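Inside the fold
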Amino acid sequence: MVIQKICCLGAGYVGGPTCSVIALKCPNIKVTVCDKSVERINQWNSDKLPIYEPGLDEVVEQCRGKNLFFSTNIAKSIQEADLIFISVNTPTKTFGNGKGRAADLKYIESAARMIADLATSNKIVVEKSTVPVKAAEIIMKILRANTKPGVEYQILSNPEFLAEGTAIVDLVEAERVLIGGEDTPEGQRAVQELCWVYEHWIPAKNILTTNTWSSELSKLAANAFLAQRISSINSLSAVCEATGADVSEVARAVGRDSRIGPKFLEASIGFGGSCFQKDILNLIYLCECLNLPEVAAYWQQVVSLNDYQKTRFTRKVIESLFNTVSDKKIAVLGFSFKKNTGDTRESPAIYVSNTLLDEGAKLHIYDPKVEHDQIYYELTHPYATSEPEKVRKNIEIHDTAYSAVTGAHAIVLCTEWDEFKELDFKKIYEVMMKPAYIFDGRKILDHEALQNIGFHVQTIGKRLARSGSIRAQGSQTMP
Ligand code: NAD
Ligand code: UDX
């Protein structure tokens, strides 16, 4: 079979960009991205795409209506497709067995059932979502238990490694594409057919093939390793603050060892995003189910350290402001979980903001790309608070950093947006309450210059010479 038509179930952060790049690089393949959300599909078909991702608008503009389509007609797209990507969300379960750790596979299951109901010809079904090991078996069982006469399925695992904010470059210049399949002649043929799609632009040496279970586990493992590096450097940031070492210098020295490497050693207020925590928790649950408690405990520590880092930073803010932020105006700069995305899932800014709100602060929030409604949603939805109206009264969302900081006692920088480095801090100092504080949770500002202006500055992993932390009498020192 030569693949002529591809369908993708799930038009999210992965399905949208991935299929747009496939359409760009494979002009002879018709790619249809489907979602059950009419609103999301309407946005994909509009001038304002549902996600902000550098370079995505240009790719969509080039292909949409030619060989790239966004549709809610799931039945037609499944029926005509030779290959179907399942790219639906796999969130952490919020109730029942495995609550708080296991992946909720209900969307995967419903996608598999839709395919089983609607397919009338042979399909290669590709698991693109991140799933626990052996999830392909669930898809296989559902499809094969409901097979119509003459219809055959091959299930492949093809996890996605893109990072938000750099998704297009990550897809176009992928370091590796991973494809896992069944070790049968039919399974291997399906693997080769998916390889052929990627070989339109990815060098064959960058395409790795494995068995299905290795492919599924490699995705969880890759995210666990990356997150582990961040927790490792963040753990050392606490040691730096207590000793006078500088975490950036430590990272530079450690990362120079080619066995360790320099990337992903940036100390921060903690990692966020929809993947790291979810996927490690998923791995922990898997280990517990496999009766491997020591392995589960090992990975649990990566998540616990991340929680500690977020708490440590927020506590530092409160303690520095004389141990009370009640009724103080605090400017929060950056709300997305990293720069160059409008995504707020598991953003550390949410934890920081919630804690400051609990302490009675008035938050003035600015982010260059996050929609105002999204910020309100994150801070007021039922899981976040029992008093949404009260919280709403204490939040104001701004269209510029300058308006957010006017009259503020402190600036808390949560996301490393480039534009924050370019702000006129002399002008900002003039309009803030004194003493004026800056807490740089991303280590991106020029701390010495800020101190020369008059700011009291605190950051991660470095005790600044004139940190100006005036502690309230009796307040605790940082552990
Ligand atoms: P998302 O929430 O942005 O998108 C998922 C979409 O699937 C939603 O729009 C939802 O409406 C749709 N959907 C759910 N069930 C459906 C069904 N039966 N039919 C049609 N549409 C359906 O999620 P995402 O960030 O794109 O992540 C998708 C998967 O990819 C997850 O497993 C995630 O772990 C993995 N992943 C995400 C990233 C990332 O950076 N976001 C990177 C690598 C892997
Ligand atoms: C991650 C993986 O990088 C990607 O391969 C996978 O497919 C999905 O999960 P993503 O979550 O989009 O991608 O962004 P990433 O760049 O990994 O950043 C995750 C979080 O870690 C962000 O909050 C970021 O600010 C933080 N981070 C990253 C650090 O705190 N320090 C670092 O050195 C790197």
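The structure we're discussing is the one just above.
Here is a short report on the structure shown in this document. It should be emphasised that the depicted structure is a prediction, and the values quoted were computed from it without experimental measurement.

When helices and strands are counted, the chain shows 18 helices and 14 strands. A globule of 479 residues ought to have a C-alpha radius of gyration of about 23 Å, and the chain, at 24 Å, matches this closely. For the chain, the C-alpha atoms occupy an extent of roughly 80 × 50 × 45 Å along the three principal directions. Taken across its 479 residues, the chain has 54% of its residues classed as buried. Excluding contacts between residues fewer than 6 apart, the proportion of contacts in the chain whose partners are at least 24 apart in sequence is 75%. Accessible area for the chain stands at about 21400 Å²; split by element, carbon and sulfur atoms hold 51% of it.

In the vicinity of ligand 2 lie 20 residues, with Leu 162, Glu 164, Ser 268, Phe 337 and Arg 442 positioned nearest. Residue Glu 164 places a main-chain N or O atom 2.8 Å away from an oxygen atom belonging to ligand 2. When isolated, ligand 2 has an accessible area of 660 Å², and the protein chains bury 90% of it. The element best represented in the shell around ligand 2 is helix α9 (residues 212-243), accounting for four residues. Counted by class, the shell around ligand 2 contains 11 nonpolar, three polar and six charged residues.

What follows deals with the site of ligand 1. Ligand 1 sits among 26 residues. The nearest are Asp 35, Arg 40, Thr 90, Glu 164 and Lys 278. Separating an oxygen atom of ligand 1 from a side-chain N or O atom of Arg 40 is a distance of 2.8 Å. With respect to ligand 1, the side chain of Arg 345 contributes an N or O atom lying 3.0 Å from an oxygen atom. Computed on the free molecule, ligand 1 has an accessible area of 830 Å², of which 94% lies beneath the protein chains in the complex. Top contributing element to the shell around ligand 1 by residue count: helix α5 (residues 106-118), with four residues. Of the residues contributing to the shell around ligand 1, the split by class is nine nonpolar, nine polar and eight charged.

Time to look at unusual backbone geometry. In this structure, the amide linkage connecting Lys 434 to the following residue, Pro 435, adopts the cis form with an omega of -5 degrees. With respect to the element layout, Pro 435 can be found in the loop between α17 (425-431) and β13 (437-440). The backbone of Asp 327 shows a phi angle near 65 degrees, a positive value even though the residue is not glycine. Relative to the elements of secondary structure, Asp 327 occurs in the loop between α12 (293-320) and β9 (329-333). Residue Glu 346 is not a glycine yet carries a positive backbone phi of 55 degrees.

Counting residues in each nonpolar core, the largest one holds 44 residues, and the members touching the most others are Ile 6, Val 31, Phe 85, Ile 179, Leu 194 and Tyr 198. Top element by residues in this core is helix α8 (residues 185-198). It accounts for six residues. Residues in contact with Leu 194, not counting those within four places in the same chain, are Ile 3, Leu 83, Phe 85, Val 126, Leu 156, Asn 158 and Ile 179. Core analysis: the second largest hydrophobic core is formed by 36 residues, Phe 313, Ile 330, Val 352 and Ile 460 among them.

Within a beta sheet, neighbouring strands are joined by backbone hydrogen bonds and run either parallel or antiparallel to one another. If you walk across this open sheet you meet the six strands as β11-β10-β9-β12-β13-β14, and the pairing is parallel. Of all strands in the sheet, those bounded by a partner on one side alone are β11 (395-397) and β14 (456-459). For this sheet the average axis-to-axis angle between neighbouring strands, irrespective of direction, equals 20 degrees. Summarising the sheet, β13 and β14 pair through four bridges and their orientation is parallel. When the bridges of β14 are listed, Phe 439 appears paired with Gln 458. Here α12 sits on the sheet in contact with β12 (410-413), β13 and β14, set at roughly 170 degrees to β13.

This part covers the packing of helix α6 (residues 135-145) against α9. For the pair α6 and α9, the least separation of the axes is 9 Å and the interaxial angle reads 130 degrees. The orientation of α6 relative to α9 falls into the category oblique. Here Ala 135, Ala 136 and Glu 137 of α6 lie close against α9, whose contacting residues are Thr 212, Trp 213 and Glu 216. For the contact of α6 with α9, a count of residues per class yields three nonpolar, one polar and two charged.

The next point concerns the environment of Pro 262. Assignment of secondary structure puts Pro 262 in the loop between α10 (247-255) and α11 (276-289). Sequence separation between Pro 262 and Val 126 is 136 residues; the distance between their C-alpha atoms is 33 Å. With residues up to four places along the chain from it excluded, the contact list for Pro 262 reads Arg 229 and Gly 255.

What follows covers helix α1 (residues 15-25). Note that an α-helix has 3.6 residues per turn; residues three or four places apart therefore point the same way. With nine of 11 residues buried, α1 is to be regarded as a mostly interior element. Listed in full, the buried residues belonging to α1 are Gly 15, Gly 16, Pro 17, Thr 18, Cys 19, Ser 20, Val 21, Ile 22 and Ala 23.

This next bit is on the environment of Asp 358. Mapped onto the fold, Asp 358 is located in helix α13 (residues 348-358). Asp 358 sits in the exposed class, given a relative accessible area of 71%. Between the C-alpha atom of Asp 358 and that of Val 325, which follows or precedes it by 33 residues, the distance is 9.6 Å.

Under the defined criterion, the tally for this structure stands at 11 aromatic pairs. Taking the centre distance of 4.9 Å and the plane angle of 80 degrees together, the rings of Tyr 298 and Trp 299 count as edge-to-face. A network of ring pairs unites the aromatic residues Phe 225, Tyr 298 and Trp 299 as a single cluster. Its end group placed over the ring of Phe 161, Arg 176 keeps NZ or CZ at 3.6 Å from the ring centre.

What follows covers the pattern of salt bridges. Throughout the structure, instances matching the rule amount to 22 salt bridges. Put simply, Glu 80 and Lys 76 hold a salt bridge, and the shortest N to O gap is 3.9 Å. Separated by four residues within a single helix, Glu 80 and Lys 76 lie in helix α4 (residues 74-80), roughly one turn from each other. We classify Glu 80 as partly exposed; its relative accessible area is 23%. The class for Lys 76 is partly exposed, based on a relative accessible area of 45%. Residue Glu 266 is joined to Lys 443 by a salt bridge in which the shortest nitrogen-to-oxygen separation is 2.8 Å. Of this pair, Glu 266 sits in the loop between α10 and α11 while Lys 443 sits in the loop between β13 and α18 (447-453), placing them 177 residues apart in sequence. Its relative accessible area of 17% is what places Lys 443 among the buried residues. One network of salt bridges, with partners in common, ties together Lys 30, Lys 76 and Glu 80.

Parameters and conventions
Residues numbered from 1 in each chain as written. Chains lettered and ligands numbered in written order. Predicted model: local features only at pLDDT ≥ 70, side-chain atom pairs only at ≥ 80, totals over all residues. Heavy atoms only, no water. Helix = DSSP H or I, 4+ residues; strand = E, 2+ residues; numbered from the N terminus. Rg over C-alpha atoms; globule rule 2.2 N^0.38 Å. Buried < 20%, exposed > 50% of the residue type's maximum accessible area, 1.4 Å probe, protein only. Contact = heavy atoms within 4.5 Å. Areas by Shrake-Rupley, 256 points an atom, 1.4 Å probe, with all protein chains shown as cover. Near = heavy atom within 4 Å. Polar contact = N/O pair within 3.5 Å; in protein donor to acceptor, adjacent residues only side chain to side chain. Nonpolar A, V, L, I, M, F, W, Y, C, P; charged D, E, K, R; others polar. Core = buried A, V, L, I, M, F, W, Y, C linked by side-chain atoms within 4.5 Å. Pairing = 2+ DSSP bridges. Axes fitted to C-alpha atoms, helices over the stretch in contact; angles between N-to-C directions. Parallel < 35°, antiparallel > 145°, perpendicular 65-115°, else oblique. Phe/Tyr/Trp six-rings, centres within 6.5 Å; stacked < 30°, edge-to-face > 60°. Lys NZ or Arg CZ within 6 Å of the ring centre and 35° of its normal. Salt bridge = Lys/Arg side-chain N within 4 Å of Asp/Glu carboxyl O.

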